[in-house]
Every structure is written in structure tokens, then in C-alpha cells.
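# Notes for the structure review
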Amino acid sequence: MSIKVIKDKCIGCKLCIKSCPFGIITVDNKLAMIGEGCNLCGACVPSCKFGAIVIEREQVVLKDYSGYRGVWVFAEQRKGKVEGVAYELLGEGRKLADRLQVPLSAVLLGQNVAEQATELIAHGADKVYLYDDPVLANFQDDTYGEVFIKLVEEEKPEIILIGATSIGRSLAPKIALRVRTGLTADCTGLEVDTLNRNLLQTRPAFGGNIMATIICPNYRPQMATVRHKVMKKAVRQADHKGEIIKKQFDFTAISIKTKVLNIVEEVTKTINIAEADIIVSGGRGMGGPENFKLLEELAQVLGGAVGSSRAAVDAGWMPYSHQVGQTGRTVCPKLYIACGISGAIQHLVGMQSSDVIVAINKDAQAPIFKLATFGIEGDVLQVVPALTKQFKKVLGGDY
Amino acid sequence: MNIVVCIKQVPGTTDVKINEKTNTLIREGVESIINPFDVYAIEEGLRIKEKVGGKVSILCMGPPQAKESIKEAIAMGADEGILLSDRAFAGSDTWATSYTLSQGIKKIGNADLIICGKQAIDGDTAQVGPGIAETLNLPFIAYVRKIEDIRDGYIRCERLMEEGYEVIEMSLPALITVVKEINNPRLPSLKGMMRAKKAEIVTWTANDLNSIPENIGLNGSPTQVVKIFSPPARGGGEMLHGEIEEQAEKLVTKIRELKIV
Ligand SMILES: Cc1cc2nc3c(=O)[nH]c(=O)nc-3n(C[C@H](O)[C@H](O)[C@H](O)COP(=O)(O)OP(=O)(O)OC[C@H]3O[C@@H](n4cnc5c(N)ncnc54)[C@H](O)[C@@H]3O)c2cc1C
Ligand SMILES: Nc1ncnc2c1ncn2[C@@H]1O[C@H](COP(=O)(O)O)[C@@H](O)[C@H]1O
């Protein structure tokens with residue numbers, strides 16, 4: 001496989017230069033040249049109006065995948081309760097399944113979760129593969145992985161959607177590797193091409209500066225982990241009919257090499273930022289750890305969580321679990337209030353898909369304002385308490 | 001204990017600037033760095049070695065200039081470094097990368113523990129660590145924030161989860177991926193830098209690894225990128241002016257209108 005510029009077709013128009021996310025195309029003497037470091041992402045190919053850039057792949061012998069049908073959703077549960085993300089996947093999975101005219105199935109692994117299976121059906125699943133077993137009470141890569149892989153090999157779905165949670169992002173690569181198929185991480189958009197039944201998977205890449213659409217044309221099933229809170233939850237319809245297929249797995253047949261000894265919930269003062277609908281986040285501009293109390297007060301009034309930039313985490317003002325950004329968590333709440341955060345790209349990539357962004361910063365030139373829905377130029381130590389007071393006033397209640 | 005740390009060389013994105021005129025990334029001055037999460041992986045490998053003895057090998061797949069990153073790891077204290085580099089590896093997705101790195105680990109031989117970063121900051125997939133473990137048929141624990149115990153054939157870790165952490169044990173050989181919370185990486189020592197300067201970085205090609213052509217590079221990658229585009233620009237950008245109380249009032253009204261609270 002290789003990338004080539006066809007000399008006779010290239011006129012040196014430079015359109016391809018703009019398309020290259022790595023900036024490695026140059027035009028010299030009216031001829032485009034692709035520099036060292038090209039990873040064959042293909043972005044330049046459609047940018048060329050003259051068809052002068054081609055990627056040559058060795059022809060893969062297309063296997064017959066007509067035996068692979070149906071859309072699956074992994075119904076992740078914790079403590080016996082199916083997670084919200086699974087209902088979002090059902091909402092999205094329903095659309096894909098209808099487009100492809102195939103059933104939508106949920107895969108549920110756990111202990112004493114039969115009631116949850118009924119809920120999955122009410123939320124659009126046509127089938128639920130249910131494994132109810134004490135061994136599966138809590139997530140473990142090797143048990144969950146082996147069960148899932150065996151089921152995939154038996155039932156041959158064409159699409160598998162898994163929530164991009166800690167559990168999902170640990171489980172999915174194991175499955176994809178074994179069944180020898182592609183896996184697209186942390187998708188924010190899914191679409192299906194009904195002609196060749198390819199799933200078009202869109203995700204942020206290169207630190208969120210760029211969106212990439214990825215397909216997996218020559219392998220089945222097509223697998224994606226899907227970001228939380230991007231897709232709409234399926235609406236509950238009590239009269240939706242479906243079938244619960246009870247399954248069993250013989251765990252004596254596999255060697256289980258890991259063991260979960262303890263699950264510790266760290267009851268933080270505030271809500272988990274990955275789940276929160278509202279996040280009040282602070283950066284170096286907060287001036288010191290003591291001022292984060294102001295953010296906690298505001299978050300409490302709003303029923304939100306407190307986030308942080310890396311600078312504030314590195315300074316020891318906030319624990320790492322609150323860090324938003326490239327090396328922290330990606331969040332997409334309904335409201336993100338950035339207080340004393342400059343808006344470095346590594347921070348932005350972790351929060352830029354929030355519905356509404358508010359920035360409070362004393363520097364009018366701070367890059368965060370370019371992204372913010374609403375901006376307030378001012379001192380956080382004055383603006384935040386004023387906001388808290390105002391919200392308290394309109395929201396009422398006793399705080 | 002034989003420890004293999006997988007590190008990736010990535011662009012240090014703080015330095016990436018856009019040329020406003022041509023709308024392209026300015027390449028000069030964009031330095032390459034060791035993927036930040038992998039620095040924690042190196043540090044953890046060194047700490048284990050200091051505790052129980054053994055060897056830390058660095059494994060990296062990438063273009064020739066990725067040697068610089070391996071040298072940095074040696075300057076921190078790693079014993080040796082191997083670069084997997086070949087045009088045939090270009091275009092690898094996480095499946096092919098996992099496969100290729102696994103071949104490298106096999107060739108290094110006798111690994112007791114493989115350490116990866118949680119994810120690489122360019123692709124952000126977090127799939128390669130678990131992928132390597134599966135290819136090598138090893139148990140793994142992702143998002144390790146602390147190693148509570150490690151000895152011959154045994155490791156006990158804390159895995160960071162959304163709502164807290166889990167204590168998990170497994171047998172070695174095995175793989176872990178680490179998060180930032182696990183340690184504070186050391187800086188390279190002067191002695192280390194001297195050693196790194198002289199260190200010979202071995203390069204293995206597709207041939208050296210006996211890799212199956214169908215499993216490497218673009219051909220070995222089930223996924224294909226078909227389109228790349230800029231995320232839709234965010235609209236709005238309304239500055240709220242006035243006295244502080246006024247600004248607060250305006251904002252609260254806006255937020256109420258949007259029915260967020
Ligand atoms: C590989 C890599 C990964 C990274 N990952 C992350 C990540 O995951 N998350 C992250 O956040 N960063 C990350 N960073 C760091 C990032 O580049 C920035 O350094 C960081 O986000 C800056 O944090 P900050 O905005 O709080 O601080 P600063 O950039 O120092 O900004 C402070 C802001 O506060 C304002 N301010 C000061 N005082 C006041 C006041 N009284 N009232 C109002 N405003 C005030 C200032 O005008 C300024 O804009 C990463 C960097 C690298 C290289
Ligand atoms: N090309 C590579 N060379 C060495 N290690 C890699 C490479 N790609 C990924 N890794 C390892 O796998 C981890 C996860 O990467 P990713 O799945 O790309 O997010 C990284 O933190 C590295 O430890």
C-alpha cells in the first residue's frame with residue numbers, strides 16, 4: 001500500500017495542502033509532494049479535484065459477510081442496574097437497525113438482572129441475550145470478554161455498540177482483537193450506508209481539532225464505542241415486545257486470571273464529572289485551593305459538579321479525578337462554566353462539546369472566549385459569588 | 001522482573017500553531033514528545049525495577065525519529081530501547097498496532113509485565129494496551145492508578161473507575177495501562193543523559209518480526225479513515241457587560257431561558 005501523486009494530473013493548485021491534518025504536503029515546481037510521516041489517513045485524496053492523489057491498497061479478498069446480521073448494544077450494568085449510556089445506545093441502535101431492517105439486540109451480563117432485561121425491551125430491544133450468573137455480578141475483562149466473544153461467534157451480528165465508559169473501553173478492544181475486526185473509539189456520530197451496510201463512525205481525533213469518519217468495510221462485526229451523553233436516550237414504550245433469550249456460559253472451560261477483590265466508591269464531595277449535567281470548572285485563575293469553595297457553592301446551587309484544568313490539578317488544588325481535558329476526562333454537560341481557565345487546546349478538547357459554555361476570565365483576550373456561548377470579563381473571585389447569589393435568588397430553595 | 005514499556009511518539013500539541021493565512025499546521029517548532037501517559041508508564045517500570053530488580057525495555061513503533069523518544073526514556077533510567085520501524089507499518093490502526101507491538105514483545109522475550117499508557121493523545125483510543133494483551137493472550141488491567149503489590153508471578157492493582165476504584169489481582173505475565181495519578185515521573189539525570197547519548201537503539205523491521213503481511217500496516221487495519229473535517233465552529237460568543245451584579249443577572253436569565261436550570 002502506498003500514496004502517490006500522479007505527475008500528469010497534478011497542476012500544483014495547493015488545495016491538498018489545506019486538507020492535510022499533519023501539514024506535510026508541499027508543492028514544489030507545481031507538483032505536490034507528500035512528506036515523511038504520512039500515515040495514509042486519506043484526507044487529501046478527495047481534496048484533489050484532478051484525481052492526482054491516489055492511495056493504492058492491495059486488494060483484500062472480500063469475505064462473504066451476508067451471514068452477519070443485526071445490531072447489538074452492550075447493556076452495561078453496575079450494581080445490577082443498567083447504565084444510562086446503554087439506553088442511549090438503544091436509541092441510536094434502533095435507528096440503525098430500522099435502516100438496515102434487522103433486529104436490535106441487547107447483551108446483558110450480570111447477577112439478578114432479569115428485571116433489567118424487561119426494561120431493555122421497553123426501550124426498544126427486540127431481543128435480550130441474558131446471562132444471569134454470580135460470576136458476572138461485576139465487570140471483569142476475562143469473564144465478560146469470553147462470554148461476549150463466544151456469543152459474537154455464535155450469533156454473528158453486523159454492528160456492536162458499546163458505551164465508551166471505563167468498562168466499555170476496556171472490554172471492546174479485547175473482543176475486536178479476538179474476532180479480528182475494526183473498533184472505532186469514542187464515537188460521537190453514527191450513520192449507516194444501506195447499500196453496503198457500512199457503519200460510518202465519526203469521532204474527534206488529533207485532540208479534537210479534527211473530526212474523522214471511519215469505516216470498517218472488509219470485516220464484520222463493525223464495532224464502536226460511543227461517547228456518553230451524545231446520543232438521545234430511547235423513549236420507554238411499555239408495549240414494545242421483545243424476547244429474552246436466557247444463556248449460560250461454562251466458566252470451568254476458561255482460565256480466569258484476574259480477580260476483583262474490592263470495589264471502592266470514593267464518595268467525593270461532589271458529583272462525578274463524567275455524569276454531571278452542569279460543571280463549574282476552575283483553573284489557575286482561581287488563585288489558590290481555598291477559592292475552589294466558591295465553585296463548590298455555585299455547583300451545589302446548580303446541582304452540578306466541580307471540574308478543573310490541569311494547571312489547578314498540577315498545583316495540587318484539586319484531585320486528578322476532576323481534571324477535564326486531553327489528559328483528564330472528556331465531558332459534555334449541558335452547561336460548562338469555566339472560571340479562570342485560559343482555554344488551552346488541551347483543555348478545550350475535553351469540554352468543547354458541552355451544550356452551553358460560559359467563560360469567566362479577567363483577560364478579554366483569553367482563547368476560552370472564542371469558544372464560549374457567553375463570556376464575562378471579570379474577576380472570578382467577584383463574579384462567581386455574584387452568580388451564586390443570583391442563582392439562589394431565582395431558584396429559591398434553602399441552601 | 002522483565003518489564004516492557006510501550007511508548008509512542010506524538011506531537012506535543014501545546015506547540016502546534018495554525019498559520020492563519022494558509023490554515024495549515026505550522027510544522028517548524030512542533031516538537032515531538034513521548035505520549036504523556038507513557039511517561040508515567042516508564043516511571044512505574046523504573047520503580048518496579050528498583051523494588052524487585054530486573055530490566056526495563058522500551059518498545060516503540062514509529063518513524064526513525066522516534067528514536068529520540070526512546071533515548072529520553074533511557075535518560076530516565078530504562079535499560080534498553082527497541083524501535084519498530086518500517087514503511088510497511090505505516091497506516092496501522094489499533095488492531096495492526098497491537099499486533100505489531102505484540103510481535104516486538106515476543107521477540108524481546110520473557111516479559112513478565114508490559115506497561116502501556118492509558119491512551120495516546122493523538123488518537124485517544126486507549127485500545128492498544130488491551131489489544132496487545134489479547135494478542136499475547138495475557139490478562140490485563142486498564143487504568144491502573146496504583147500498584148499495591150508486585151512479586152514473582154503476582155500483581156495487585158487499583159483500577160480507576162468513574163465512581164472510585166477497584167482492587168484487582170492477577171497472575172503474571174500480564175499487561176497494565178496506567179493513568180496520570182499513578183506517580184510523579186522523574187526528570188532525566190545527567191548520568192542518564194550521557195548514557196542515552198551513547199545508547200544504541202535497535203531497529204526491527206517487518207522482516208525481523210516475521211510479521212504476517214496481512215496483519216500489518218494499512219493492509220492489516222480493518223478500519224479506514226474516509227473523511228476528515230473540522231468540527232463545526234461554535235456559534236454565539238456573546239460577551240455580557242455591565243456591573244458585576246448586572247452581568248450575573250444577565251447570565252442567569254440566559255441560562256434560565258435555555259431551560260438548563
Ligand atoms: C500533553 C499535554 C496534555 C495536557 N492535558 C491537559 C488537560 O487534560 N487538561 C487541561 O486543562 N490542561 C492540559 N494541559 C495543559 C494546558 O496546556 C494548559 O497549560 C492548562 O490547561 C492551563 O490551565 P489554566 O487555564 O487553568 O491556567 P492558565 O493558562 O494559567 O490560565 C489561567 C487563566 O485565568 C485567568 N485569571 C487569572 N486570575 C483571574 C481572576 N482573578 N479572575 C478571572 N480570571 C483570572 C487568566 O487570565 C488566564 O486566562 C496539557 C498540556 C500538555 C502539554
Ligand atoms: N506506535 C506505538 N508504539 C508504542 N506504543 C504504542 C504505540 N501506539 C500505542 N502505544 C501504546 O498504547 C497505549 C494506548 O495507545 P492508543 O490505543 O493509541 O490510545 C499508549 O499509551 C502506548 O503505551
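## Some points on the domain arrangement of chain A
Note: interface size is frequently given as the accessible area lost on complex formation between the parts. When the domains of chain A are assigned, the result is domain 1 (2-56), domain 2 (71-253) and domain 3 (278-395). Spacing between the C-alpha centres of domain 1 of chain A and domain 2 of chain A amounts to 38 Å.

## Remarks on unusual backbone geometry
Here Arg220 of chain A and Pro221 of chain A are connected by a cis peptide whose omega angle stands at -5 degrees. Of note, Pro221 of chain A is situated in the loop between strand S14 (210-215) and strand S15 (222-226). Note that the residue after Leu172 of chain B, namely Pro173 of chain B, is joined by a cis bond; omega there is 0 degrees. Inspection of the secondary structure puts Pro173 of chain B in the loop between strand S11 (164-171) and strand S12 (174-178). Here the phi dihedral of Lys30 of chain A falls at roughly 60 degrees; this positive angle occurs in a residue that is not glycine. When you line up the elements, Lys30 of chain A lands in the loop between strand S2 (25-28) and strand S3 (31-34). Backbone geometry places Ala126 of chain B, a non-glycine residue, at a positive phi of 60 degrees. Assignment of secondary structure puts Ala126 of chain B in the loop between strand S8 (113-117) and helix H4 (128-135).

## Focus: the pattern of salt bridges
For the structure on display, the rule yields 35 salt bridges over all chains. Residue Arg159 of chain B is joined to Asp141 of chain A by a salt bridge in which the shortest nitrogen-to-oxygen separation is 3.0 Å. One end of the pair, Arg159 of chain B, is in strand S10 (residues 154-161); the other, Asp141 of chain A, is in helix H5 (residues 141-155), on a second chain. According to the relative accessible area criterion, Asp141 of chain A is buried, its value standing at 5%. The partner of Arg151 of chain B in a salt bridge is Asp149 of chain B, and the shortest N-O contact between them spans 2.9 Å. Several salt bridges converge on common partners, so that one network encompasses Glu146, Lys174 and Arg178 of chain A together with Glu134 of chain B.

The rules behind these values
Residues numbered from 1 in each chain as written. Chains lettered and ligands numbered in written order. Predicted model: local features only at pLDDT ≥ 70, side-chain atom pairs only at ≥ 80, totals over all residues. Heavy atoms only, no water. Domains from an automatic or database assignment. Helix = DSSP H or I, 4+ residues; strand = E, 2+ residues; numbered from the N terminus. Salt bridge = Lys/Arg side-chain N within 4 Å of Asp/Glu carboxyl O. Buried < 20%, exposed > 50% of the residue type's maximum accessible area, 1.4 Å probe, protein only.

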